[in-house]
Amino acid sequence: MKLGVPGFLPGRLAEALDARDLSQVSLAQLMGRSSSASISRWLRGEQAPEPLGLTELSRALNLPTAYFLAPQPQHGDFPFFYRSMAAATKAARRKAAARMRWGQDISLTVQNAVDIPKCNVPDFVGDRDFRTISDKMIEDIALRCRHFWGLGDGPISDLHQLLENNGIVIIHDELEAATMDGVSSWSGVDGRAYIYVAIDKPSAVRVRFNAAHELGHILLHRHVDRTTLTKAEEFKLIEHQAHLFAAAFLLPANSFAGELTSPTLSAFHALKERWKVAIGAMIKRCDTLGITKGEYTLRLWKHYSARGWRTCEPLDDILQFEEPRILSRSIRLLADQGGWSLQQIRDALPFDTASIERLACLPSGYLSAAAAPVVEMPRLKGTSVSVGEPAQVISFPAKR
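Within each chain, residues carry numbers counting from 1 in the order of the written sequence. Selection of residues for local features in this predicted model requires a pLDDT of at least 70, selection of side-chain atom pairs for listing and counting requires 80 or more, and totals for whole chains, interfaces and linings are taken over all residues. Computation of side-chain values: all heavy atoms of the structure, hydrogens and water removed.

On to the side chain of K95. By definition, any uninterrupted DSSP run of H or I lasting at least four residues is a helix, any uninterrupted run of E lasting at least two residues is a strand, and each is numbered from the N terminus. Tracing the sequence through the fold places K95 in helix α5 (residues 90–111). Residue exposure (1.4 Å probe, protein chains only): buried if accessible area is under 20% of the type maximum, exposed if over 50%, otherwise partly exposed. Of the residues examined, K95 reaches a relative accessible area of 6% and is grouped as buried. Residue contacts follow a heavy-atom distance rule, with two residues in contact if any of their heavy atoms lie within 4.5 Å. If we ignore the near neighbours within four places in the chain, the residues touching K95 are D18, A19, D21, L175 and E176.

Listed below in structure tokens is the structure:
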């Protein structure tokens, strides 16, 4: 018989190590142990920690003990799409994947009590081999997706709101990894697409383009086998396709070209606030569309670099970041109208409060605020107050 706390899940420990970016040796040191041998046995499932060991584990990883006993949802074999597959980013990929799983866990718990928008993502590709998808097809898919969602051919005012209104859950996080911009994947539990965006790099247009890039993966590569992503040339093609989709979706060829009086840095600067796309992305888009060619495009890049715009473009300090809303509004709805106390919300989500607040885009300290004292209100004689009735499912109010 396996010794230790019954119900301990090795997978949760492995996930926590990835999310915290810790090795077994580092965890052992945090727990005040001279060896990581016990941790290795816990990870292999050969034994579980004793109650005291579980308490030490909880403190070292800053997670409630309930986390290590909470069942892990089986999301299916859908691939994770990262912006980099280099060996140097393996730890960053594991960290992003683990934190995305935490965000999905939060979403699934919320969905048990709140109706959020159904996933309304078109499937224009089906089981087509991604290698047969041409650049021209991607341009067409981007336009078809716009029309499917009832968009015109002009600028998208709030891409995050558009995606979440169509049931794609977006998670923001500070990943502390310069090589990682975003991750996307589908979940087989709720049949929903998820986008995880790293917001370490302070540029609203970059975060927005990264979200559009991940949307490209969601639309074009849903059925790609995950082993394909380990092949350098095929991964490069998949990234090219997602990048082209993002540019075509945010800057439709006809409408963007129609507003561009001349392909100059001044003209791009003038259009940036309206289209909310980086000047660098506009230069690349003009080259892709044949508006600029060869030497002229090279000259644009040289002037772009000379102005120091590779580090920081004009308006980067002015344009506001788009923020996810689904998870934060759902949790607020439970607290404000669903009859849930902040303690009940914390108990339902087996993570530390800081991680919940960050992944759900809640203000820091929202869940750790002290509960207001219960005040007995006057009532008519002969009446009674019913206490402890279960909360009802509340529809999530989608913005139009």
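Next comes the rest of the account.
Quick look at unusual backbone geometry now. Positioned with a positive phi, D21 is a non-glycine residue whose angle comes to about 55°. Within the fold, D21 resides in the loop between α1 (10–20) and α2 (24–30). With a phi angle near 55°, N62 is a residue other than glycine that sits in the positive phi range. Take N62: it is sitting in the loop between α4 (51–61) and β1 (81–82).

Looking at the element boundaries, R128 is found in the loop between β2 (114–115) and α6 (135–148). When the C-alpha positions of R128 and V224 are compared, they lie 9.3 Å apart, and in sequence the two are 96 residues distant. In this structure R128 touches I133 and M137, once residues within four positions along its chain are discounted. We call two N or O atoms a polar contact when they sit within 3.5 Å, provided that within protein one can donate a hydrogen and the other can accept it, with sequence-adjacent residues counted only if both atoms are side-chain atoms. For R128, the side chain forms a polar contact with the side chain of T132, separated by 3.2 Å.

Its location among the elements puts D105 in helix α5. D105 sits 246 residues away from F351 along the chain, and the two C-alpha atoms are 9.8 Å apart. Not counting residues within four places of it along the chain, the set of residues in contact with D105 comprises R12, P73, H75 and F351.

The next thing to look at is the confidence of the model for the chain. As a general rule, the predicted coordinates of low-pLDDT regions are not to be interpreted in detail. Scored by pLDDT, the chain has a mean of 90; 90% of the residues are at 70 or more. pLDDT expresses how confident the predictor is about each individual residue, on a scale running from 0 to 100. When the criterion is pLDDT under 50, residues 371–377 qualifies, and its contacts beyond four places in sequence or with other chains add up to 0 contacts. Per-residue pLDDT stays below 50 along residues 383–394; that stretch engages in 13 contacts with residues further than four places along the chain or on separate chains.

Take the sheet that holds strand β4 (residues 182–187) next. Reading across the sheet, the 4 strands line up as β1-β4-β5-β3 and stay open at both edges, with mixed pairing between neighbours. The open sheet has two free edges, formed respectively by β1 and β3 (169–173), since each of these has just one partner strand. Alignment of β4 against strand β5 (residues 192–198), held across 6 bridges, turns out to be antiparallel. For S187, the partnering residue across the bridge sits in β5 and is R192. Lines fitted to C-alpha atoms define the axes, with helix axes restricted to the stretch in contact, and inter-axis angles between N-to-C directions lie between 0 and 180 degrees. Against the sheet, α5 makes contact with β1, β3, β4 and β5, and its axis sits at roughly 130° relative to β5, the strand it touches most. Paired strands, as defined in this entry, are two strands with at least two bridges between them according to DSSP.

On to the pairing of β5, then. In terms of burial, β5 is a largely internal element, 7 of the 7 residues being buried. The side-chain alternation of β5 yields two buried faces, one formed by R192, Y194, Y196 and A198 and the other by A193, I195 and V197. Here 5 bridges tie β3 to β5, and the two strands are oriented parallel to one another. By the bridge assignment for β5, I170 is matched with I195. As consecutive antiparallel partners, β4 and β5 are separated by 4 residues, and within that stretch G191 has a phi angle of approximately 60°, a positive value.

Let us look at the packing of aromatic side chains. When two rings of Phe, Tyr or Trp (its six-membered ring) have centres within 6.5 Å they constitute a pair, described as stacked for plane angles under 30 degrees, edge-to-face for angles over 60, and tilted for the intermediate range. Scanning all chains against the criterion turns up 12 aromatic pairs. Among the aromatic residues, those joined into a ring-pair cluster are F8, Y67, F68, W102 and F351. Above the face of the F249 ring, R146 is positioned so that its terminal group lies 5.6 Å from the ring centre. Criterion for a charge above a ring: Arg CZ or Lys NZ at most 6 Å from the ring centre, at most 35 degrees from the ring normal. We note R222 situated over the ring of W186; from NZ or CZ to the ring centre the distance is 3.6 Å.

Attention now moves to the pattern of salt bridges. A carboxyl oxygen of Asp or Glu within 4 Å of a side-chain nitrogen of Lys or Arg is what we treat as a salt bridge. By the definition in use, this model includes 19 salt bridges. A salt bridge links E15 to R12, with the shortest nitrogen-to-oxygen separation between them at 2.8 Å. Of this pair, E15 and R12 both sit in helix α1, separated by 3 residues, roughly a single helical turn. When sorted by exposure, E15 lands in the same class as R12, which is buried.

Turning next to the packing of α1 against helix α3 (residues 37–44). Two numbers describe how α1 lies on α3: the axes approach to 7 Å, and their chain directions differ by 120°. By the criterion of interaxial angle, the relationship of α1 to α3 is oblique. Between α1 and α3, the residues in contact are P10, L13, A14 and L17 and I39, W42 and L43, respectively. Considering only residue class, the contact of α1 with α3 consists of 7 nonpolar, no polar and no charged. Note on angle classes: values under 35 degrees are labelled roughly parallel, values over 145 roughly antiparallel, values of 65 to 115 roughly perpendicular, and the remainder oblique. As a working rule, the residues Ala, Val, Leu, Ile, Met, Phe, Trp, Tyr, Cys and Pro are called nonpolar, Asp, Glu, Lys and Arg charged, and the rest polar, with Gly in that last group.

When you tally the buried positions in β4, you get 6 out of 6 residues, the bulk of the element. With burial as the criterion, each face of β4 is covered, one bearing G182, S184 and W186 and the other bearing V183, S185 and S187. As paired strands, β1 and β4 are joined by 2 bridges and run antiparallel to one another. Note on β4: the bridge partner recorded for Y82 is V183.

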